[in-house]
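Results of the structural survey
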Amino acid sequence: MDSTDLSELLLHSTIRIECTNNQTWSLGTGFFFAFSCDTSNKSIPVIVTNKHVIDGATDGKLIFSLCDEEKKYIPGKTFTYHISDFEEAWIPHPDKNVDLCVLPLSRFYDNLKPEDGHIYAMYLTEDHLLSKHDWDDVSHIEEVTIVGYPDGVWDTQNHLPLVRRGITASSIHYDFDGQPEFIVDAAIFPGSSGSPIYLYNSGIFPARDGILRGNRLRLLGINRAVKVHFLAGEVYDPDNPNTNSKRIELKVPNGLGIAIHARKLLDFKAVFGI
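Right, let's walk through the structure included here. Residue positions are given per chain, counted from 1 along the sequence in the order it is written. Only residues with pLDDT of at least 70 are given local features in this predicted model, and only at 80 or more are side-chain atom pairs given and counted; all residues enter the totals for whole chains, interfaces and linings. Excluded from the side-chain calculations are hydrogens and water; all other atoms, namely the structure's heavy atoms, are used.

1. Let's talk about unusual backbone geometry
- Positive phi, normally seen in glycine, also occurs at aspartate 85, with a value near 50 degrees.
- Runs of H or I in DSSP of at least four residues are treated as helices and runs of E of at least two as strands, each being numbered from the N terminus. Relative to the assigned elements, aspartate 85 resides in the loop between β5 (73-84) and β6 (91-92).
- One non-glycine residue, histidine 159, adopts positive backbone phi at about 55 degrees.
- Structurally, histidine 159 can be placed in the loop between β10 (143-148) and β11 (162-168).

Right under this line is the structure:
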C-alpha cells in the first residue's frame, strides 16, 4: 500500500455517529475494523466507538460515504442509516472498565443498500495493530495522527473527517497509571470520542534506534476522553461596583487526551468465539 493509499485509508476509516436520547442530540466518532477468524479466511466487520458515545441512545444514525460501481469515492454522497434502540445494537467490551463497544455490521447488510451508489468504507484489520517486531521500532515519544469529528466539525461538502496531529505524552510502551491507556498531547474536544489514534509516517522518519524509510501505519489506540483544567473566578460589572459579583467555575480542556491501547480490541474475539 503506497502513501496515497495510506492517507486515503486514514480519511475513510472513520464514520460519523449521531445519537438521540430524550431529544438530546450528541455525536461521536467510530471507525471500521475487521476481526480475523482463526479457522477460516473470513472476517467479522464492525464499527468501533466508546461505550459512552452510545450510552442511553434511543435512536442513532450512521452516516456512510458512497462509491460508484468501480469503487471510486463519490465526494459528498452519503447514506444515513437509522437504528432504533441504538444502544442495544452494540456489544460492550467484556471488561466494564474499558470504554469500548462494537457494532457488528453483518446484521445490517441487507439494509445497507443506498439507491445512489455503494457503501464506501476502509477497514482496519489486526495487521494494523502493533506486532512484536513493531515494538522494537516504536519510540517512547512518537508523533500521532488522530482522525474524527472534533467539536462536530467536518467537511460537510465532501463528507470527510478532520485530521489532527500530536505526540504521545506518556510512553506507549507502558500502561498509564496501571490502566490499559496512554496519554496524547493533542487538541481533543467532544466529538473526538472514539477517534482512532494512528502511528502514521511516510518517507524518512525517526525510530527508536535510528532512522527508517518507507510508509508506516499502525493503530495505537482509541481516544476516550480529554483531561480538563478547572478555572474558578468571579464575574462583576466594573462600571457598577455596588452590584454583587457571581462566582463561576469552568472546565477547560487542557490538551491531554486519554487513549485506550488498541490491543484491547482483541478482547472482543472471545466475545465472537474466534
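On we go from here.
2. Details of the pattern of salt bridges
- The working definition used for a salt bridge is a side-chain nitrogen of Lys or Arg within 4 Å of a carboxyl oxygen of Asp or Glu. Taken as a whole and judged by the stated rule, the model has nine salt bridges.
- Among the ionic pairs, arginine 16 bridges to glutamate 18, the shortest N-O distance being 3.0 Å. Of the two residues, arginine 16 and glutamate 18, neither departs from the other in class, the shared state being buried. Note on classification: 1.4 Å probe, protein chains only; a residue is buried when its accessible area is under 20% of the maximum for its type, exposed when over 50%, partly exposed between these limits.

3. Brief notes about the nonpolar core
- Nonpolar cores are built from buried Ala, Val, Leu, Ile, Met, Phe, Trp, Tyr and Cys residues. Side-chain atoms within 4.5 Å join them into one set. Residues Phe31, Phe33, Val48, Leu100, Tyr198, Leu219 and Leu265 are the most contacted members of the largest nonpolar core, which totals 31 residues.
- Beyond its immediate chain neighbours, meaning those up to four positions away, leucine 219 contacts Phe31, Phe33, Leu124, His128, Leu129, Pro196, Ile197, Tyr198, Ala262 and Leu265.
- By size, the runner-up hydrophobic cluster in this structure holds 22 residues, among which are Tyr81, Phe86, Leu103 and Leu112. Here a residue-residue contact requires only that any non-hydrogen atoms of the pair lie within 4.5 Å.

4. Overview of the pairing of strand β2 (residues 24-36)
- Pairing between strands is defined by DSSP: at least two bridges between them are needed. Sheet analysis places strand β1 (residues 14-21) next to β2, joined by eight bridges and oriented antiparallel. Following the sheet pairing, arginine 16 is matched in β2 by threonine 29.
- As consecutive antiparallel partners, β1 and β2 are separated by two residues, and within that stretch asparagine 22 has a phi angle of approximately 50 degrees, a positive value.
- Note: β2 against strand β3 (residues 43-49), six bridges, orientation antiparallel. Within β3, the residue paired with phenylalanine 31 across the bridge is valine 48.
- The hairpin turn running from β2 into β3, its antiparallel successor, is six residues long.
- Across two bridges, the pairing between β2 and strand β9 (residues 124-125) is parallel.

5. Considerations on the environment of leucine 66
- Looking at the secondary structure, you find leucine 66 in strand β4 (residues 59-67).
- Here the alpha-carbon distance between leucine 66 and lysine 77, two residues eleven residues apart in the chain, equals 5.7 Å.
- Those residues in contact with leucine 66 that lie beyond four places of it in its chain are Lys72, Tyr73, Ile74, Lys77, Thr78, Phe79, Pro114, Asp116, His118, Ile119 and Tyr120.

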